[in-house]
Amino acid sequence: MKITKDMVQLNYVVTIISVTLLCVLAEELYSDKYDNIDATSILQNNKLLVEYYNCFLEKALCPTEDAKFFQGILSEALQTKCKKCTQKQMGLLLAMKNWYIQNKPEQWEALIAKSVEDMKKKNW
């Protein structure tokens, strides 16, 4: 089989398109550095719960590095249904969501409203 100039160019174009698609489709996940935090202990400790909640709403400084990390990704994670989350982060978000809906639904609504506001600012 004779390889023609057109075949080489076609192969080149197909390779470029494939690489581009791989880059677009292979979204990077959030860092898993804080995946092993104990969300249950935070949710059961009122002092920590208030500190984390105020951190997430940007009403106070974040009490820990993990709180600061999750505050930075929370809005996007909520709005994208955790598209970039690791499996553990999905579990943490689900545990937090279920706890807030069951125990403090008004605060959950405030977190959702904040995430919507943040995403509007980000996309503006």
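Residues numbered from 1 in each chain as written. Predicted model: local features only at pLDDT ≥ 70, side-chain atom pairs only at ≥ 80, totals over all residues. Heavy atoms only, no water.

Looking at an unreviewed UniProt entry, one finds the protein chain named Putative odorant-binding protein A10 and attributed to Trachymyrmex septentrionalis.

**Remarks on the environment of E58**
Tracing the sequence through the fold places E58 in the loop between α3 (46-56) and α4 (65-79). Residue classification places E58 among the exposed positions, given a relative accessible area of 53%. Sequence-wise, E58 and Q71 are 13 residues apart; in three dimensions their C-alpha atoms are separated by 8.3 Å. If we ignore the near neighbours within four places in the chain, the residues touching E58 are Q71 and K114. A polar atom in the side chain of E58 sits 3.2 Å from the side chain of K114. (Helix = DSSP H or I, 4+ residues; strand = E, 2+ residues; numbered from the N terminus. Buried < 20%, exposed > 50% of the residue type's maximum accessible area, 1.4 Å probe, protein only. Contact = heavy atoms within 4.5 Å. Polar contact = N/O pair within 3.5 Å; in protein donor to acceptor, adjacent residues only side chain to side chain.)

**Observations concerning the environment of Q89**
Tracing the chain through its elements places Q89 in helix α5 (residues 87-103). Those residues within four positions of Q89 in sequence are excluded, and the remaining contacts are Y30, S31, D32, D35, F69, F70, C82 and K84.

**Here's the deal with the pattern of salt bridges**
Pairing between side chains of opposite charge can happen when the charged atoms of each approach one another. Considering all chains together, one arrives at 6 salt bridges under this definition. Measuring nitrogen to oxygen at the nearest pair gives 3.6 Å for the salt bridge that ties E65 to K68. Separated by 3 residues within a single helix, E65 and K68 lie in helix α4, roughly one turn from each other. For K84, the salt bridge goes to E76, with nearest N and O atoms at 3.6 Å. The network of salt bridges with common partners includes E58, K114 and D118. (Salt bridge = Lys/Arg side-chain N within 4 Å of Asp/Glu carboxyl O.)

**Focus on the nonpolar core**
Counting residues in hydrophobic clusters, the biggest one holds 27 residues, and the most contacted among them are F56, F70, L74, L93, M96, Y100 and L111. When residues of this core are traced back to their parent elements, those giving at least two are α2 (39-44), α3, α4, α5 and α6 (105-123). No other element matches α4, which puts 7 residues into this core. Discounting chain neighbours no more than four positions away, the residues touching L74 are F56, L93, M96 and L111. (Core = buried A, V, L, I, M, F, W, Y, C linked by side-chain atoms within 4.5 Å.)

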